[in-house]
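Each chain, letter by letter, is given below.
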Amino acid sequence: GNHTLLSEFILSGLSSRPELQHLLFFTICFIYSMTLIGNLLICMATAHPTLHTPMYFFLRVLSLLDISTASVVVPKMLVSTLSEDRSISYLGCVTQLYCVVFLASTEWYLLAAMAYDRYVAVCRPLRYPAIMSTRACLSMVLLSCCSGQVVSVVQTAWVFTLSFCGPRRINYFFCDIPPLVLLSCADTSRYERQLISATVLVIFTPFCLILLSYTCIISSILSISSAESRHKTFSTCSSHLTVVTLYCASGTLIYLQPKSGNSQEAKKVLALIYTTVIPTLNPLIYSLRNKEVKEVLVR
């Protein structure tokens, strides 16, 4: 009966120390600029006629998702860093949470599709053109988006059916599930179990498929007699493995304990890595370790 209807939330930001605000603003602004430039370069490079293959098609979609993820979170964070008004409307919070969950979930399923592409390329090279046709690639991307859409709608609906009757300050720099669960005055144990199930579905299911793909890939690589051929084959997969490891480590630590208040500051750092730093690293990981992308970028 004492529950109040919130019309807005207050984002605490990355830090409450005034002397750090300008440093944080310019640091995050620089990282965001590098994210946009790096991923746009990847999009341009992979559109080159010599790179019209499924692997580079998936890489282009991944870059677009990275740009979108950073753009959903960073601009509001930059404004809040220098402004005294750190409020975000209720509808704005719903929209931001929906977009973040949708993009993150879609990216996970896309990473699984990229692992399958590498499996077919290494283990079924003669059938690769037939299996990884343009229609198949488009279907995988569409399926990833649809899966992300379902996860996002369900999670966003669940979070905002909770009762928020306490403080409206979110100890975070954007609207995400763990800090919003902490604000709820209702019993969230059922929702936390549901969130853990969703985390397993969204992160560990694709991760198991990726692990299975790379088990087959490594088996095939070890059977290659030439050391040079083994190195060349593995180098095409190592970039993808690096990205998967970064996403898996940060994502599981954030969402497996949604109501762990003691680790909220640590979750801020992990969320910053997940939404801001990794999208910047992806172009570097893929371009610096890929000879074909480097040649197109140089040209």
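Residues numbered from 1 in each chain as written. Predicted model: local features only at pLDDT ≥ 70, side-chain atom pairs only at ≥ 80, totals over all residues. Heavy atoms only, no water.

In the annotation of an unreviewed UniProt entry, the protein is listed under the name Olfactory receptor and assigned to Setophaga kirtlandii. For the protein, the Subcellular location (unreviewed entry) comment in UniProt is given as "Cell membrane". Recorded under Sequence similarities (unreviewed entry), the UniProt text for the protein is reproduced unchanged: "Belongs to the G-protein coupled receptor 1 family." (UniProt positions renumbered as here; feature names shortened; annotations may be inferred.)

Structural notes on the overall build of the protein
When its secondary structure is counted, the protein shows 10 helices and three strands. Its helices and strands taken in sequence order, the protein reads β-α-α-β-α-α-α-β-α-α-α-α-α from the N to the C terminus. Against the globule reference of 19 Å for 299 residues, the protein gives a C-alpha radius of gyration of 21 Å, in line with a compact fold. Counting only C-alpha atoms and orienting by the principal axes, one finds that the protein spans roughly 70 × 40 × 30 Å. Within the protein, the fraction of its 299 residues that count as buried is 48%. The long-range share in the protein, meaning contacts at least 24 apart out of those at least 6 apart in sequence, stands at 80%. In the structure as shown, the protein presents an accessible area of about 14600 Å², 67% of it carried by carbon and sulfur atoms. Distance between charge centres in the protein, computed from 21 positive and 14 negative side chains, equals 8 Å. (Helix = DSSP H or I, 4+ residues; strand = E, 2+ residues; numbered from the N terminus. Rg over C-alpha atoms; globule rule 2.2 N^0.38 Å. Buried < 20%, exposed > 50% of the residue type's maximum accessible area, 1.4 Å probe, protein only. Contact = heavy atoms within 4.5 Å. Areas by Shrake-Rupley, 256 points an atom, 1.4 Å probe, with all protein chains shown as cover. Lys, Arg positive; Asp, Glu negative; His and termini not counted. Charge placed at Lys NZ, Arg CZ, Asp CG, Glu CD.)

Observations concerning helix H7 (residues 189–222)
Taking 1.5 Å per residue as the helical rise, H7 with its 34 residues ought to reach 50 Å, and the 47 Å between its terminal C-alpha atoms agrees with that figure. Roughly 30° is the biggest bend found in H7, and it falls at Phe204, with proline Pro206 one to four residues downstream. (Expected span 1.5 Å × (residues − 1). Bend = angle between axes of the 7 residues up to and from the residue.)

Side note on helix H5 (residues 134–159)
With 26 residues, H5 ought to run about 38 Å at 1.5 Å a step, and its terminal C-alpha atoms sit 38 Å apart, in line with that. Listing the buried residues of H5 in full gives Cys137, Met140, Val141, Ser144, Gly148, Val151, Ser152, Gln155, Thr156 and Val159. In this fold, the buried residues of H5 make contact with helix H2 (54–82), helix H3 (90–123), helix H6 (177–183) and H7.

Brief notes about the packing of aromatic side chains
The tally for this structure, following the rule as stated, stands at 10 aromatic pairs. Ring pairing ties together the aromatic residues Phe9, Tyr90 and Phe160, which thus form one cluster. (Phe/Tyr/Trp six-rings, centres within 6.5 Å; stacked < 30°, edge-to-face > 60°.)

As for the sheet that holds strand E1 (residues 8–11)
Taken together, the three strands give an open sheet; going across it, the order is E2-E1-E3, and neighbouring strands pair in mixed fashion. Here the strands that pair on one side only, and so sit at the sheet edges, are strand E2 (87–89) and strand E3 (169–170). Where E1 meets E2, three bridges bridge the pair, whose relative direction is antiparallel. Bridge assignment links Glu8 to a residue of E2, and that residue is Ser89. Packing against the sheet, H3 makes contact with E1, E2 and E3, and its axis sits at approximately 85° to E2. (Pairing = 2+ DSSP bridges. Axes fitted to C-alpha atoms, helices over the stretch in contact; angles between N-to-C directions.)

Some words on the side chain of Gln21
When you line up the elements, Gln21 lands in helix H1 (residues 21–46). Since its relative accessible area comes to 9%, Gln21 is described here as buried. Side chain to side chain, Gln21 and Arg86 meet in a polar contact 3.2 Å long. Each residue touching Gln21, except ones within four places of it in the same chain, is listed here: Ser15, Ser16, Thr81, Leu82 and Arg86. (Polar contact = N/O pair within 3.5 Å; in protein donor to acceptor, adjacent residues only side chain to side chain.)

Looking at the packing of H1 against H2
Relative orientation of the contacting elements H1 and H2 amounts to 160°, with a least axis distance of 9 Å. Of the possible angle classes, the one that applies to H1 and H2 is roughly antiparallel. H2 is crossed by H1, and the crossing has left-handed handedness. (Parallel < 35°, antiparallel > 145°, perpendicular 65-115°, else oblique. Left-handed = near helix turned anticlockwise from the far one by under 90°.)

Focus: the environment of Glu19
Among the secondary structure elements, Glu19 is positioned in the loop between E1 and H1. Here Glu19 falls in the exposed class, since its relative accessible area comes to 54%. As a C-alpha pair, Glu19 and Arg127 span 108 residues in sequence and 60 Å in three-dimensional space.

Focus on the state of the cysteines
Overall, the coordinates contain one disulfide when judged by the stated rule. Disulfide partner of Cys93: Cys175, at an S-S distance of 2.0 Å. The sign of the -120° torsion about the S-S bond sets the Cys93-Cys175 disulfide as left-handed. Taken as a pair, Cys93 in helix H3 and Cys175 in the loop between E3 and H6 lie far apart in primary sequence, 82 residues in all. Judged by relative accessible area, Cys93 falls into the buried class, the value being 0%. Classification of Cys175 as buried rests on a relative accessible area of 0%. Cys146 takes part in no disulfide bond, and the closest cysteine sulfur, belonging to Cys145, lies 6.9 Å away. (Disulfide = S-S within 2.5 Å.)

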